[in-house]
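A structural walkthrough
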Amino acid sequence: MSDPSRRFLLGGALASTAGLALAGRSLLDASPAKAQTPAGHSGAHGGGADGPTFRIGQTVDHTANGFNPTQVLRDFDYGTTTRLPDGRTLREWEVFASDEDIEVAPGVTFSAWTLNARIPGPTLRCREGELLRVHFRNGSEHPHTLHFHGIHPAEMDGIAGLGAGIIQPGESTTYEFDATPFGLHLFHCHVGPLAEHIARGMYGTFIVDPPAPRPPADEMVMVMHGYNTTFDGEGNQLYAVNGIPFHYMHEPVRVKRNELVRIYLVNVLEYDPINSFHVHGNFFDYYPTGTRLQSSEFTDTIVQGQGQRGICEMRFPHPGKYMFHAHKTEFAELGWMGFFEVTD
């Protein structure tokens, strides 16, 4: 059973298709709010037969936020490239940190620390063997770094006391390393308190393609995370994929029947030990970390600890709407759920 003292501090801000009302108050009050319960419901979860979501017709303001999870889904940042004298490709990106107020539920703002002004940060993509340069500018009011998962020199590790160390507000640095190994990786801030820097939104996806491209597919990125809206470090009140809870319930992920779908799935959830991904009415091949070209299993559910990631590949043989969500019901009912909409 869930712990109501840390989970249901939404002040009624979550709603369902059964009519759970949205509260206008902020979630950032120091004192927990009492869950508001409509007639016919015994607790804050509610939801009825149709399952929980925000009240029908109510969504966040994506324009004000500056990003839309539907666009984030297939947004791959390949940076800029030049050819080095030895014929090798140099690939470069500009990444900046900033402090942003993001509407994470209708009427609910979250004081986020972001990379390129969105949650999750950019999906940087390259090919194995390239030389990479990431130019990082800290426009936040807080010190930050970028720590990349992969193989690189110690001075490029993005931690205190090595290389450029901690990047103070207004300062910049450049991280340079080789693109290796191929696979699905991530990057995040590595400044203490580390849990808070990650929970506030300081993370992004890092894809290194193999020398020979993977088969053509409808490719997308799904970053699993949560929001500790009370900032007490005791747990999350909202869960999401690509920034906004329940987004893909309102805007289903559209795919074509029998077309190969490739999902780059990353878990950066803080304050909970594991996360999971489950798809209805289908199975997928799973490639842990994407560092091997052979799948490890054929399944409909996988579990990831924080920092773990993997590639899911599937085809939908039948048209229709197919739900996907965390197979931890609490996470699903607090935002981590959506639909694939399969068409001919």
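Conventions and cut-offs
Residues numbered from 1 in each chain as written. Predicted model: local features only at pLDDT ≥ 70, side-chain atom pairs only at ≥ 80, totals over all residues. Heavy atoms only, no water. Helix = DSSP H or I, 4+ residues; strand = E, 2+ residues; numbered from the N terminus. Buried < 20%, exposed > 50% of the residue type's maximum accessible area, 1.4 Å probe, protein only. Contact = heavy atoms within 4.5 Å. Areas by Shrake-Rupley, 256 points an atom, 1.4 Å probe, with all protein chains shown as cover. Pairing = 2+ DSSP bridges. Axes fitted to C-alpha atoms, helices over the stretch in contact; angles between N-to-C directions. 1 Å grid on protein atoms, 1.4 Å probe; cavity = no way out; pocket = protein on both sides within 12 Å on 5 of 7 lines; lining within 4 Å. Points joined across faces, edges and corners; volume = space filled by probe spheres on them. Nonpolar A, V, L, I, M, F, W, Y, C, P; charged D, E, K, R; others polar. Polar contact = N/O pair within 3.5 Å; in protein donor to acceptor, adjacent residues only side chain to side chain. Core = buried A, V, L, I, M, F, W, Y, C linked by side-chain atoms within 4.5 Å. Salt bridge = Lys/Arg side-chain N within 4 Å of Asp/Glu carboxyl O.

1. So, the overall build of the chain
Within the chain one finds 6 helices and 20 strands. Relative to its 344 residues, the chain shows a buried fraction of 54%. Long-range pairs, those at least 24 residues apart, make up 71% of the contacts in the chain with a sequence separation of at least 6. Summed over all atoms, the accessible surface of the chain reaches about 14,000 Å², with 51% contributed by carbon and sulfur.

2. Topic: the environment of Asn228
If you trace the backbone, Asn228 turns up in the loop between strand E10 (218–227) and strand E11 (238–241). Judged by relative accessible area, which is 4%, Asn228 ranks as buried. Between the C-alpha atoms of Asn228 and Leu238, which are 10 residues apart in sequence, the distance is 7.1 Å. Here Asn228 is in contact with Phe110, Gly233, Glu234, Gly235, Asn236, Gln237 and Tyr271, once residues within four sequence places are set aside.

3. Quick look at the sheet that holds strand E12 (residues 253–256)
Strands sit in the order E12-E20-E19-E14-E17 across an open sheet of 5 strands; the sheet is mixed. Two strands lie at the open edges of the sheet, namely E12 and strand E17 (301–305), each paired on one side alone. Each adjacent strand pair in this sheet contributes to an overall mean axis angle of 25°, direction not counted. Relative to strand E20 (residues 337–343), E12 is paired through 4 bridges, and the arrangement is parallel. The residue bridging Arg254 from the neighbouring strand is Glu341, located in E20.

4. Describing empty space enclosed by the protein
If a probe as big as a water molecule is rolled over the atoms, it shows which places are left empty. All chains considered together, the criterion is met by 3 cavities of 30 Å³ or more. Phe54, Thr59, Val60, His62, Ile244, Pro245, Phe246, His247 and His250 together form the lining of the second largest cavity. Among the residues making up the lining of the second largest cavity, the classes are represented as 5 nonpolar, 4 polar and no charged.

5. So, the environment of Ser140
Structurally, Ser140 can be placed in the loop between strand E5 (131–138) and strand E6 (147–148). In contact with Ser140, not counting residues within four places along its chain, are Ala97, Ser98, Asp99 and Pro169. For Ser140, the side chain forms a polar contact with the side chain of Asp99, separated by 2.7 Å. Side-chain polar atoms of Ser140 contact the side chain of His144, separated by 3.2 Å.

6. Thoughts on the environment of Asp77
Tracing the backbone through its elements, the reader meets Asp77 in the loop between helix H3 (69–72) and strand E1 (80–83). Separated by 16 residues in the primary sequence, Asp77 and Trp93 have C-alpha atoms spaced 8.3 Å apart. Residues contacting Asp77, with those up to four places away along its chain left out, are Trp93, Pro122, Thr123, Leu124 and Arg125.

7. Section: the sheet that holds strand E4 (residues 123–127)
Within the open sheet, the 4 strands sit side by side as E4-E9-E8-E6. Their pairing is mixed. Every other strand in the sheet has two partners, leaving E4 and E6 as the edge strands with one partner each.

8. Things to note about the nonpolar core
In terms of nonpolar packing, the biggest core is built from 34 residues, with Val104, Tyr227 and Tyr264 touching the most fellow members. Of all the secondary-structure elements, those providing two or more residues to this core are strand E2 (89–105), strand E3 (108–115), strand E8 (183–188), strand E9 (203–209), E10, E11, strand E13 (261–267) and E20. Excluding anything up to four places from it in sequence, Val104 contacts Phe54, Val60, Phe110, Tyr227, Leu238, Ile244 and Pro245.

9. Notes on the pattern of salt bridges
For the coordinates displayed, the defined rule picks out 12 salt bridges. The network of salt bridges with common partners includes Arg125, Asp209, Glu219, Arg262 and Glu313.

10. Details of unusual backbone geometry
Across the chain, the bulk of peptide bonds are trans and the bulk of non-glycine residues have phi less than zero. A cis amide bond links Thr180 to the next residue, Pro181, at an omega of -5°. If you trace the backbone, Pro181 turns up in the loop between strand E7 (172–178) and E8. Unusually for a residue other than glycine, Phe246 sits at a positive phi of about 65°. With respect to the helices and strands, Phe246 occurs in the loop between E11 and helix H5 (247–250). Looking at Phe246, the relative accessible area reads 1%, which means it is buried.

11. A look at the pairing of E5
Of all 8 residues in E5, 6 are buried; the element is thus mostly enclosed. Where E2 lies against E5, 8 bridges are found, and the strand directions are parallel. The residue bridging Leu90 from the neighbouring strand is Leu131, located in E5. Two elements, E5 and E7, share 7 bridges in a ladder whose sense is antiparallel. Bridging across to E7, Arg133 finds its partner in Glu176.

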